[in-house]
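Listed here are the chains, written in short residue letters.
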Amino acid sequence: MKKVCLAWLMILLLVTLCGCNHGYINSYAATIMSTSCKGDEASMKFDSFQGSYHFKLQRESEKDNDLECEAELEKGTMNVYIGTEGEKELLFTIAGGESFEEDLVLQGKYAEADAFYIILESEGACSGGDFEFEID
């Protein structure tokens, strides 16, 4: 009986843990990386980065439909996606030596969602990155 209860508990724990990330997995190698994610704000700075990293942003109000994006990258190429429910759409791509600053209006399912994800995926190795996102 104990084994059966323990097995059910392990299955429940596994389902709970697997259901939390909505299909977005952090998988990366980085040096001197700093991240922050507090409700409607997220940021990531790194010396070097290769892989994928995601943030979950929460809307504080239904009126918050602007996503402020700021990005700088010294070398490499980074794709930035927005996602919900395991799907993702490209927001922008930034290449080495470029900077990006824009207020994007959330539309469709992203304007209606209480929370969504920002996913950063590098194309190979990147260096000197600074990314900031805020819902307004």
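Bear in mind the structure is a predicted one, so any value in this text is a computation, not a measurement.

**Notes on the overall build of the protein**
When its secondary structure is counted, the protein shows two helices and nine strands. Expressed as a percentage of the 136 residues in the protein, the buried residues total 34%. Within the protein, residue pairs in contact and separated by at least 24 positions form 69% of the contacts whose partners lie at least 6 positions apart. In the form shown here, the protein has an accessible surface area of approximately 8,300 Å², with 51% of it arising from carbon and sulfur atoms.

**Overview of a negative patch on the surface**
On the surface, Glu 41, Asp 47, Glu 60, Asp 66, Glu 70, Glu 72, Glu 74, Glu 101, Glu 102, Asp 103, Glu 132 and Asp 136 cluster together to form a negatively charged patch. The element best represented in the negative patch is strand S4 (residues 66-75), accounting for four residues. Tracing the chain through its elements places Asp 66 in strand S4. Under the relative-accessibility criterion, Asp 66 is labelled partly exposed at 33%.

**Considering the side chain of Asp 40**
Examined against the element boundaries, Asp 40 turns out to sit in the loop between strand S2 (34-38) and strand S3 (41-58). For the buried residue Asp 40, which engages in no salt bridge, the nearest side chain bearing the opposite charge is Arg 59, 9.6 Å off. Among all residues touching Asp 40, those that are not within four sequence positions of it are Leu 57, Gln 58, Glu 60, Phe 133, Glu 134 and Ile 135.

**Here's the deal with the pattern of salt bridges**
This structure, assessed with the given rule, holds two salt bridges. The closest approach of N and O atoms between Glu 87 and Lys 109, which form a salt bridge, is 2.6 Å. Highlighted residues: Glu 87 in strand S6 (residues 87-95) and Lys 109 in helix H2 (residues 109-112), separated in sequence by 22 residues. For Glu 87, a relative accessible area of 45% translates into the label partly exposed. The shortest N-O distance in the salt bridge between Glu 121 and Lys 88 comes to 2.5 Å. Note that Glu 121 is positioned in strand S8 (residues 115-122) and Lys 88 in strand S6, a separation of 33 residues in sequence. The class for Glu 121 is partly exposed, based on a relative accessible area of 21%.

**Details of the packing of aromatic side chains**
A complete count under the given rule lists eight aromatic pairs for this structure. Measuring from centroid to centroid gives 5.7 Å for Tyr 28 and Phe 49, while their planes differ by 20 degrees, and the two rings are stacked. Taken as a pair, Tyr 28 in strand S1 (residues 27-31) and Phe 49 in strand S3 lie far apart in primary sequence, 21 residues in all. Accessibility expressed as a relative area gives 1% for Phe 49, which makes it buried. For the ring pair Phe 46 and Phe 49, a centre distance of 5.3 Å and an interplane angle of 35 degrees mean the geometry is tilted. When sorted by exposure, Phe 46 lands in the same class as Phe 49, which is buried. Through pairs of rings, three or more aromatic residues link up here, namely Tyr 28, Phe 46, Phe 49, Tyr 53, Phe 55 and Phe 131. Positioned over the ring face of Tyr 81 is Lys 88, at 4.5 Å from the centre of the ring.

Reading the values: rules and limits
- Residues numbered from 1 in each chain as written.
- Predicted model: local features only at pLDDT ≥ 70, side-chain atom pairs only at ≥ 80, totals over all residues.
- Heavy atoms only, no water.
- Helix = DSSP H or I, 4+ residues; strand = E, 2+ residues; numbered from the N terminus.
- Buried < 20%, exposed > 50% of the residue type's maximum accessible area, 1.4 Å probe, protein only.
- Contact = heavy atoms within 4.5 Å.
- Areas by Shrake-Rupley, 256 points an atom, 1.4 Å probe, with all protein chains shown as cover.
- Patch = residues over 30% accessible without salt bridge, like charges linked within 9 Å, V, L, I, M, F, W, Y side chains within 5 Å.
- Salt bridge = Lys/Arg side-chain N within 4 Å of Asp/Glu carboxyl O.
- Lys, Arg positive; Asp, Glu negative; His and termini not counted.
- Charge placed at Lys NZ, Arg CZ, Asp CG, Glu CD.
- Phe/Tyr/Trp six-rings, centres within 6.5 Å; stacked < 30°, edge-to-face > 60°.
- Lys NZ or Arg CZ within 6 Å of the ring centre and 35° of its normal.

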